[in-house]
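# Examining the three-dimensional arrangement
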Amino acid sequence: MTTWSEIEKIQPIASRMITNSIKKGRISHAYLIQGARGTGKEAIATLIAKSIFCERLIGVEPCQSCRMCKRIDSRNYPDIHWVEPEGQSIKIEQIKNLQREFTYSSFESNQKVYIITGADTLTLNAANRILKFLEEPTQRTTAILLTENSQSMIPTIRSRCQLIDLKPLHSKHLQEQLVASEMSEKDAALMSALTNNIDEAIEWSDDEWFAEGRKLMIQLMEILIAPSEDAYLFIHNHWLKHFKERAQLERGIDLLLLAFKDVLYAHLDKEESMVVFNINDEQLKQLVLSYSQEDLIKVLHNLLDAKRHLKQHVNSSLVMEQLALQIQR
Ligand SMILES: [Zn+2]
């Protein structure tokens, strides 16, 4: 998504709000853009910056080819600053650096933009420092704060920004786009259930790591209902060796969630909602026999709990071992 007309297709309200202010030459001095992963936050921030700096705007659309547009794409333009969380949070030192950079005189233009991603991770000190910045806007500074959850930010920051609320993407819409980009129907259904980011979906579909992860998920589903097998050992010897990082482990649980939802859909005769199995799969039939609808509700809860624990930084092998014991038949 690199143009306003592309953004318009998935975020019509946000796109109209911002492009109207560009047309009128009244770009806000602070935007707070809120939306889930993959809804276009960074693409929109980049476009606002290009609309400010592009040397050959065509209406509201940046030309994408001038010196400015190219440098913005390579993030190598000194009047635009990106601030991202370092580890878990954005620290006051990072904000001090930003402000220091902004007071240097070596700018190429007198217009400045700073973009803060993961703005909800600003520490309180950092947030207060930003607040000062927002309270004394200079004519030519634009702040763009990006977050998945503006509710966890201090209200005084929220009230100083124009809030742009992005809508979740329709998975049907994403699925159609994936099929149009030559992905099989089945893969497109699975991918659009896992992410609402089209680039991520395409990347995963040709990713070996992902393909291997999917195989392990199918194997684990087999082991869970085989009386002679030990899911606990499988988790140890295979699962944790593949799904290592926390984000990877969450992805693994997402795959299991989709597989178990399919088993529930099979119980409910909702074949059209399935994304992992086909209704005639022998494995699915066995799973339906082994897990009642009641069992499945419990399993889905167990999976969601495990995901929550991972987010809370509970030891990941512990989380997965406990999960294996809970969901094995
Ligand atoms: Zn340009």
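As shown above, the structure is provided for reference.
A brief structural summary. Computed from a predicted structure; not experimentally measured.

### Observations concerning the coordination of the zinc ion
The zinc ion binds to the protein through Cys54 (SG), Cys63 (SG), Cys66 (SG) and Cys69 (SG); the donor distances cover 2.3 to 2.4 Å. In this structure, the zinc ion is surrounded by four donor atoms whose angles at the metal cover 102 to 120°, and the resulting shape is tetrahedral. Within one chain, the residues serving as donors to the zinc ion are arranged as C-x8-C-x2-C-x2-C. You can call cysteine 63 buried: its relative accessible area is 15%.

### Details of the pairing of strand β3 (residues 112-116)
Burial runs high along β3: five of the five residues are buried. Side chains Lys112, Tyr114 and Ile116 of β3 all project onto a buried face; the interleaved residues Val113 and Ile115 project onto the opposite face, where all are buried too. Note: strand β2 (residues 80-83) against β3, four bridges, orientation parallel. Across the sheet, residue valine 83 finds its bridge partner in β3, namely isoleucine 116.

### Re the sheet that holds β3
If you walk across this open sheet you meet the five strands as β2-β3-β4-β1-β5, and the pairing is parallel. For this open sheet the edge positions go to β2 and β5 (162-165), each flanked by a neighbour on one side alone. This sheet shows a mean twist of 15° between the axes of neighbouring strands, independent of strand direction. Helix-sheet contacts for helix α2 (residues 12-23) involve β1 (30-34) and β5, and the interaxial angle to β5 is about 145°. Helix-sheet contacts for helix α6 (residues 124-135) involve β1, β3 and β4 (141-147), and the interaxial angle to β3 is about 150°.

Reading the values: rules and limits
- Residues numbered from 1 in each chain as written.
- Predicted model: local features only at pLDDT ≥ 70, side-chain atom pairs only at ≥ 80, totals over all residues.
- Heavy atoms only, no water.
- Donors = N, O, S within 2.8 Å, 3.2 Å for Na, K, Ca; no water.
- Tetrahedral: all angles 85-135°; square planar, octahedral: opposite > 155°, others 65-115°.
- Buried < 20%, exposed > 50% of the residue type's maximum accessible area, 1.4 Å probe, protein only.
- Helix = DSSP H or I, 4+ residues; strand = E, 2+ residues; numbered from the N terminus.
- Pairing = 2+ DSSP bridges.
- Axes fitted to C-alpha atoms, helices over the stretch in contact; angles between N-to-C directions.
- Contact = heavy atoms within 4.5 Å.

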